[in-house]
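# Chain and residue survey
Each chain, written out:
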Amino acid sequence: MKDLIEIRWHGRGGQGAKTASLLLADAAFNTGKYIQGFPEYGPERMGAPITAYNRISNEPIRIHSNIYEPDYVVVVDDTLLESVNVTAGLKEDGAIVINTTKSKDEIKKLLPNYNGDIYTIDARKISIEALGKYFPNTPMLAAIVKVSGIMSDENFLQDMKGSFAHKFAKKPEVIEGNMKALELALQEIKKI
Amino acid sequence: MGIRERLSGNEAAAIAMKQINPDVVAAFPITPSTEIPQYFSTFVSNGAVDTEFVAVESEHSAMSACVGAEAAGSRAMTATSANGLSYMWEMIYIASSLRLPIVMSLVNRAVSGPLNIHNDHSDAMGVRDSGWIMLFSENNQEAYDNLVMAHRIAENKDVLLPLMVCQDGFITSHSIENIELIEDNKVKEFVGTYKPEHYLLNDKEPIAIGPLDVQTYLFEHKFQQAEAMRNAKKVILEVAKDFEKMTGRKYSFFEEYKMEDAEIGIVCMNSTAGTTKTVVDSLREKGVKAGMVKIRVFRPFPADELPEALGNLKALAVMDKADSLNGAGGALFEDVTASMYTAKKQVPTVNYIYGIGGRDTTSKDIEEIYTALEDIAKTGNIDNPYRYVGLRK
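Residues numbered from 1 in each chain as written. Chains lettered and ligands numbered in written order. Predicted model: local features only at pLDDT ≥ 70, side-chain atom pairs only at ≥ 80, totals over all residues.

Looking only at helices and strands, one finds seven helices and seven strands in chain A. The secondary structure elements of chain A, listed N-terminal to C-terminal, are β-α-β-β-β-α-β-α-β-α-α-α-α-β. Viewed in the frame of its principal axes, chain A has a C-alpha envelope of about 45 × 40 × 35 Å. Evaluated residue by residue, chain A yields a buried proportion of 48% over its 192 residues. Partitioning the contacts of chain A with sequence separation of at least 6, the portion at a separation of at least 24 is 64%. (Helix = DSSP H or I, 4+ residues; strand = E, 2+ residues; numbered from the N terminus. Buried ≥ 20, exposed ≤ 12 C-beta atoms within 10 Å, placed from the backbone. Contact = placed C-beta atoms within 7 Å.)

Structure representation (structure tokens):
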């Protein structure tokens, strides 16, 4: 891992992009890293575009501003590709991770000025299969961990099991499904 | 050795309050400080603290309840932001003039209007002359540490003034970051038990608090408040020394960052100091002698100490996250330049208004200021000292 990794999340209000960014910060913290996880608060409403950020570093993090030149971008909802400049400032040696069923050509057409790596995953399919409902943030969390190499799959899954046990203490029946969503996402994320 | 954790600034403030376990907390929710009383009320419900939590109907009542609680002889805390602080205004002055060492967590936000829930320092700057001690915090760690130190400073018998700990709304209040917590028992021991000398519920000494104070006395009482504020400086340093012994973390009136040989420097407060440090580091790599001073203690203002730190610069910029709208510069700029003039330190100085209403303050903004300072250091020319950074053209 580089000394400092900066990640920008694009989602829509209600999809859990903020929660995913906080869970990622948690997981990285548990492997000994210095972390920041923060959303950009605006007039959020269900369905409105939202942005969240992560910094993950081996050194204490002092900077307190939004991220303008991220190493990675996560797009939780592919309809944002048409309305938000999701690759703005994205480093060429970084990558974008998109929740989509669109083909390589369709994606390329939507990101005409971007030449870096593109990864896609069908988070809807995974979520429905594992949880029976559409919660894209869990698969997207696994996808960015895999692509960025912040930690090994094993460490990540082990840590998330603990996090879910805590987060879902009052509804333990959903833990297994969430773990399955993570496992499937780690397998199905692919570079196009 | 401390406890490695990750918390938002609001969580850090709430945890500090839990460890302090005050007698009374009275608060009314307002963004972005809402989470502090929210988390704290769960500590009350779970029995983690034995605090009397007063869910008041307004901020005016929140501060009134704190005034009543402290006057009665108990330790009281609250939290608020922006318009909540505005609504407390009357009682803010009552608290300080009655010499009640209430501690407040102020999560800085722009005061309306137009309505804006995001960060700037206009709320804090509005009460800068109200007689409260004001500490500013770069991150969650400092917001936590400052609260742990707060009661020891405020309750000292040579001080007896209320104290507010400021941190930047959303930027640090809602950002999860690493933090080192202190063990509960150590905080408890450090903060100590509150033993007021004079208080209403002491049946052996019946007293009146807050009666009419006319021409014959108010002037002297205001002088005593000012004396208490001057006394606070010594106490702040003593408490910081004890805190360093416990945690290894060093605090003073301000933090000097790479100032020893600096030729150009920035004075700022709160989260922007962190961003400025990263810019100073990158400038130093290029051979630019840049430095920074972060004000921690804004009230009492370190007017005697600051000129020593800044006096050798060739150019200085003071950053204000609130515009005083007076056509003559922000509050921090005025305090810094007044202290420099009085100490006979002549450094070309400019003022930058920045980050109003949550406008993000970027590394590029800070670099722009240092670039302007390099030019001023070279030429000595200041066309206009009242400047803006990050303002859309």
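Attention shifts here to the overall build of chain B. The helix and strand tally for chain B stands at twelve helices and 15 strands. At 21 Å, chain B has a C-alpha radius of gyration in line with the 21 Å of a compact globule built from 393 residues. In terms of principal-axis extent, the alpha carbons of chain B reach across some 70 × 55 × 45 Å. Looking at chain B residue by residue over its 393 residues, the buried ones come to 52%. (Rg over C-alpha atoms; globule rule 2.2 N^0.38 Å.)

Attention shifts here to the interface of chain B and chain A. Opposite the 19 residues of chain B that make contact, chain A presents 18 residues. Mapped by element, the contributors of at least two residues to the side of chain B that touches chain A are strand 8 (176–181) and helix 9 (272–285) of chain B. The greatest single-element share of the side of chain B that touches chain A, amounting to five residues, is contributed by helix 9 of chain B. Its residues assigned to classes, the side of chain B that touches chain A comprises three nonpolar, twelve polar and four charged. Note that strand 2 (residues 34–40) of chain A and strand 8 of chain B share two bridges and pair antiparallel. (Nonpolar A, V, L, I, M, F, W, Y, C, P; charged D, E, K, R; others polar. Pairing = 2+ DSSP bridges.)

Residues and elements named next belong to chain B. Taken in spatial order, the six strands of this open sheet run 9-11-10-13-14-15, and their pairing is mixed. For this open sheet the edge positions go to strand 9 (254–257) and strand 15 (386–389), each flanked by a neighbour on one side alone. When the angles between neighbouring strand axes are averaged without regard to direction, this sheet yields 25°. Here five bridges tie strand 10 (residues 264–268) to strand 11 (residues 290–295), and the two strands are oriented parallel to one another. From the neighbouring strand, cysteine 268 faces strand 11, where its bridge partner is lysine 294. Sheet contacts for helix 9: strand 9, strand 10, strand 11 and strand 13 (315–320); angle to strand 11, the most-contacted strand, approximately 165°. Set on the sheet, helix 11 (residues 331–342) makes contact with strand 10, strand 11, strand 13 and strand 14 (349–354); between it and strand 13 the angle comes to about 145°. (Axes fitted to C-alpha atoms, helices over the stretch in contact; angles between N-to-C directions.)

Our next topic: the sheet that holds strand 7 (residues 163–168) of chain B. Residues and elements named next belong to chain B. Spatial ordering of the open sheet is given by 3-2-4-5-7-6-12, a layout of seven strands whose pairing is mixed. Two strands bound the open sheet, and with one partner strand each, they are strand 3 (52–55) and strand 12 (297–299). The mean inter-strand angle of the sheet, taken between neighbouring strand axes irrespective of direction, is 20°. Summarising the sheet, strand 4 (residues 76–80) and strand 5 (residues 103–108) pair through four bridges and their orientation is parallel. Residue pairing in the sheet places threonine 78 in a bridge with methionine 104 of strand 5.

Glancing now at the domain arrangement of chain B. Residue and element names in this part refer to chain B. Taken as a whole, chain B is organised into domain 1 (3–247) and domain 2 (254–389). Taken over C-alpha atoms, the centre of domain 1 sits 28 Å from the centre of domain 2. Contributing elements (two or more residues each) for the side of domain 1 that touches domain 2: helix 5 (122–126), strand 6 (133–136), strand 7 and helix 8 (218–247). It is helix 8 that provides the largest number of residues to the side of domain 1 that touches domain 2, a total of five residues. Broken down by class, the residue content of the side of domain 1 that touches domain 2 amounts to 13 nonpolar, ten polar and six charged. (Domains from an automatic or database assignment.)

With that settled, consider the packing of helix 6 (residues 140–154) of chain B against helix 7 (residues 184–191) of chain B. Residue and element names in this part refer to chain B. The contact between helix 6 and helix 7 brings their axes to 9 Å, and the two run at 20°. Regarding the angle of helix 6 to helix 7, the classification is roughly parallel. Residues Val148, His151 and Arg152 of helix 6 form the contact with helix 7, whose participating residues are Val187, Phe190 and Val191. Considered class by class, the residues forming the contact of helix 6 with helix 7 number four nonpolar, one polar and one charged. (Parallel < 35°, antiparallel > 145°, perpendicular 65-115°, else oblique.)

All names here are of chain B. By secondary structure assignment, the location of glutamate 183 is in the loop between strand 8 and helix 7. Residue glutamate 183 is classed as partly exposed on the basis of its 13 C-beta neighbours within 10 Å. Once the C-alpha coordinates of glutamate 183 and isoleucine 3 are considered, the two residues, 180 residues apart in sequence, prove to be 7.0 Å apart.

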